[in-house]
Amino acid sequence: MNNTLNGSCLCGAITYKVKHNFKRFYQCHCKQCQQITGSAFAANIFTSPDNIEWLSGQGQIHTYNHPTRSFTKAFCKQCGCGMPFVTQNGKALLIPAGTLTDDIDISPEANIFTNEQVTWLDDGHSAISFEGFPKQN
């Protein structure tokens, strides 16, 4: 296993690398994570705040801090892709798992805030699957 993993935004303007010394890997189903990702949940890896080396584009990151809650979103100014950020309390670096461009050999350890899970998630898992877009008539 490679101890260093690479990551980037969708357009490639921002690149980074981290060491594979992750503390937690959660799939968060809270309403805020649903809204901020536009999906059913956020897949977030937590590590130490200093476990990142920005390789390019750090100046292209915009950070949104919710005005009344301890909730942050960092994203690429060009493509909108979520990016790693240090949590507001400074205790952890949160890495959106999908931004890692290298394969990781860990699995989420927990689904959190499942009481807020979208009602269509389970149905989505049992829906018909395609390797790409389904053929249209």
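Above this text you will find the structure in question.
The following paragraphs examine the structure supplied in this document.

Details of the sheet that holds strand β4 (residues 42-47)
Sheet strands line up and pair through hydrogen bonds in the backbone, either parallel or antiparallel.
So, step 1. What the 5 strands build is an open sheet, ordered β8-β9-β4-β3-β10; its pairing is mixed. Lying at the two open borders of the sheet, with one neighbouring strand each, are β8 (85-86) and β10 (110-112).
So, step 2. Direction of pairing for strand β3 (residues 24-28) relative to β4: antiparallel, over a ladder of 5 bridges. Of the residues in β4, the one forming a bridge with Y26 is N44.

What about the nonpolar core?
So, step 1. Grouped together as the largest cluster of nonpolar side chains are 12 residues: C9, I14, Y26, F46, I61, A74, C76, C81, M83, F85, A92 and L94.
So, step 2. Among all residues touching A92, those that are not within four sequence positions of it are F46, T47, P49, F85, V86 and T87.
So, step 3. With 10 residues, the next largest nonpolar core counts I45, L93, I95 and L100 among its residues.

Observations regarding the sheet that holds strand β5 (residues 53-56)
So, step 1. Pairing within the open sheet is antiparallel, and its 3 strands lie in the order β1-β2-β5. The sheet is open, and its two borders are formed by β1 (4-8) and β5, each paired with just one other strand. The sheet shows a mean angle of 25° between the axes of neighbouring strands, taken without regard to direction.
So, step 2. The sheet contact formed by β1 and strand β2 (residues 15-19) spans 5 bridges and is antiparallel. From the neighbouring strand, N6 faces β2, where its bridge partner is K17.

Some words on the state of the cysteines
Two cysteines whose sulfur atoms are joined by a covalent bond form what is called a disulfide.
So, step 1. For the coordinates displayed, the defined rule picks out 0 disulfides.
So, step 2. Free of any disulfide, C81 has its nearest cysteine sulfur in C79, 5.0 Å distant.

With respect to the pattern of salt bridges
So, step 1. With the rule as written, the count across this model stands at 1 salt bridge.
So, step 2. E53 serves as the salt-bridge partner of K17, at 3.6 Å between the closest nitrogen and oxygen. Of this pair, K17 sits in strand β2 while E53 sits in strand β5, placing them 36 residues apart in sequence.

Some remarks on the packing of aromatic side chains
So, step 1. Applying the stated criterion to the full structure yields 2 aromatic pairs.
So, step 2. The positively charged end of R24 is found above the aromatic ring belonging to F46, 4.8 Å away from the centroid.

Points about the environment of Q32
So, step 1. Counting through the fold element by element, Q32 comes out in helix α1 (residues 31-37).
So, step 2. Assessed through its relative accessible area of 21%, Q32 is described here as partly exposed.
So, step 3. Considering only alpha carbons, one finds Q32 and T72, 40 residues apart in sequence, at a separation of 9.9 Å.
So, step 4. The contact partners of Q32, leaving out residues within four places of it in the chain, are R69, F71 and E116.

Rules and cut-offs
- Residues numbered from 1 in each chain as written.
- Predicted model: local features only at pLDDT ≥ 70, side-chain atom pairs only at ≥ 80, totals over all residues.
- Heavy atoms only, no water.
- Pairing = 2+ DSSP bridges.
- Helix = DSSP H or I, 4+ residues; strand = E, 2+ residues; numbered from the N terminus.
- Core = buried A, V, L, I, M, F, W, Y, C linked by side-chain atoms within 4.5 Å.
- Buried < 20%, exposed > 50% of the residue type's maximum accessible area, 1.4 Å probe, protein only.
- Contact = heavy atoms within 4.5 Å.
- Axes fitted to C-alpha atoms, helices over the stretch in contact; angles between N-to-C directions.
- Disulfide = S-S within 2.5 Å.
- Salt bridge = Lys/Arg side-chain N within 4 Å of Asp/Glu carboxyl O.
- Phe/Tyr/Trp six-rings, centres within 6.5 Å; stacked < 30°, edge-to-face > 60°.
- Lys NZ or Arg CZ within 6 Å of the ring centre and 35° of its normal.

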